[in-house]
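Coordinate inspection notes
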Amino acid sequence: MIVLKARKIVRIELKDPSLRRIRKNFRDVIKFAVKQEASRLHAFSCEYRKRSRGITDPVEKERLERKEGFLDRESTRLDSSLSESVIQCGLGGGCASYIEATDHGLYPEKAPTNLDMAWIPFLGAWFCTKCSENLIEGDKILRKERHPDYMRQLREHGFL
C-alpha cells in the first residue's frame, strides 16, 4: 500500500456535485471489487479447509493448510487495505458522518464513500472532514494541557 508522506494535514474537498458523484461512483466500484475478491478468497480458503480434513497424507494435508492460511491472510489484507484507504473514514463505524447519517434515518452500508477526506500525518490515516476536525480539536486540547499520553505519542513518533 502506498502511504502519503505529507508532513501537514492534506484535505481533499470537492464542491462540484458532478465531480462528487463521479468520486463516489469510483469509490463504490473499488469497494465492491475489493469486497468481492476478499469473499472469493475466503470461499476458496473454506474449500481448502474442507479438503484438508478428509486427507490422511500428512504432506498433502500440510500443503492444503498452507494454501488455506495464505488465502485467509490475503482476504484479511484486502479488507484492512480498504479500511486504511482514502475510500472510507479511518474511524469506520465510529465515524461522525456515519453516526450523523444514522441519526437522520439513513443507513449507509457500513461506511459512506461520498465524503470529503483529510490525511492526518500524525495518525497516518485518512479521515472524513468531520472526524478530522474532531481529532484536530482533541489534539489541540491535549497539546495545550501537555497531557502525558500526548507527550508519549510525540516521543514515539520522533517529534520530541
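Quick look at the structure, then. Since we're looking at a predicted model, the values are computed, not measured.

1. A closer look at the overall build of the protein chain
Summing up its helical and strand segments, the protein chain has 5 helices and 3 strands in all. Helices (α) and strands (β) of the protein chain occur, in sequence order from the N terminus, as β-α-α-α-β-β-α-α. Among the 160 residues that make up the protein chain, the fraction classed as buried is 28%. Restricting the contact set of the protein chain to residue pairs at least 6 apart, pairs at least 24 apart contribute 65%. Here the protein chain has roughly 11,000 Å² of accessible surface; of this, 57% comes from carbon and sulfur atoms.

2. A look at the sheet that holds strand E1 (residues 10–12)
Read across the sheet, 3 strands follow the order E1-E2-E3 without closing on themselves; strand pairing throughout is antiparallel. Since the sheet does not close on itself, it has two edges, and those belong to E1 and strand E3 (125–128), each with one partner. Taking each pair of neighbouring strands and ignoring which way they run, the sheet shows an average axis angle of 25 degrees. Relative to E3, strand E2 (residues 117–120) is paired through 4 bridges, and the arrangement is antiparallel.

3. Section: the pairing of E2
A two-sided burial pattern is seen for E2, the buried positions comprising Met-117 and Trp-119 on one face and Ala-118 and Ile-120 on the other. Relative to E2, E1 is paired through 3 bridges, and the arrangement is antiparallel. Directly across from Val-10, in E2, lies its bridge partner Trp-119. Connecting the antiparallel pair E2 and E3 is a turn made up of 4 residues, with Gly-124 showing a positive phi of about 65 degrees.

4. Considering the pattern of salt bridges
All chains considered together, the criterion is met by 11 salt bridges. The closest approach of N and O atoms between Asp-28 and Lys-24, which form a salt bridge, is 2.6 Å. Within this pair, Asp-28 and its partner Lys-24 are both found in helix H1 (residues 17–53), separated by 4 residues, close to a single helical turn. In this structure, the salt-bridge partner of Arg-66 is Glu-62, at a minimum N-O distance of 3.4 Å. Linking Arg-66 with Glu-62, this pair stays in helix H2 (residues 58–83), spanning 4 residues, or about one helical turn. On the accessibility criterion, Arg-66 (53% relative accessible area) is exposed.

5. A few points about the packing of H1 against H2
Between two packed helices, the angle of one axis relative to the other and the distance separating the axes together describe the packing. Interaxial distance between H1 and H2 falls to 8 Å at its minimum, and their mutual angle equals 160 degrees. Overall, the two elements H1 and H2 adopt an arrangement that is roughly antiparallel. In this structure, H1 crosses over H2, and the sense of that crossing is left-handed. By residue class, the composition of the contact of H1 with H2 is 9 nonpolar, 4 polar and 14 charged.

How each quantity is defined
- Residues numbered from 1 in each chain as written.
- Predicted model: local features only at pLDDT ≥ 70, side-chain atom pairs only at ≥ 80, totals over all residues.
- Heavy atoms only, no water.
- Helix = DSSP H or I, 4+ residues; strand = E, 2+ residues; numbered from the N terminus.
- Buried < 20%, exposed > 50% of the residue type's maximum accessible area, 1.4 Å probe, protein only.
- Contact = heavy atoms within 4.5 Å.
- Areas by Shrake-Rupley, 256 points an atom, 1.4 Å probe, with all protein chains shown as cover.
- Pairing = 2+ DSSP bridges.
- Axes fitted to C-alpha atoms, helices over the stretch in contact; angles between N-to-C directions.
- Salt bridge = Lys/Arg side-chain N within 4 Å of Asp/Glu carboxyl O.
- Parallel < 35°, antiparallel > 145°, perpendicular 65-115°, else oblique.
- Left-handed = near helix turned anticlockwise from the far one by under 90°.
- Nonpolar A, V, L, I, M, F, W, Y, C, P; charged D, E, K, R; others polar.

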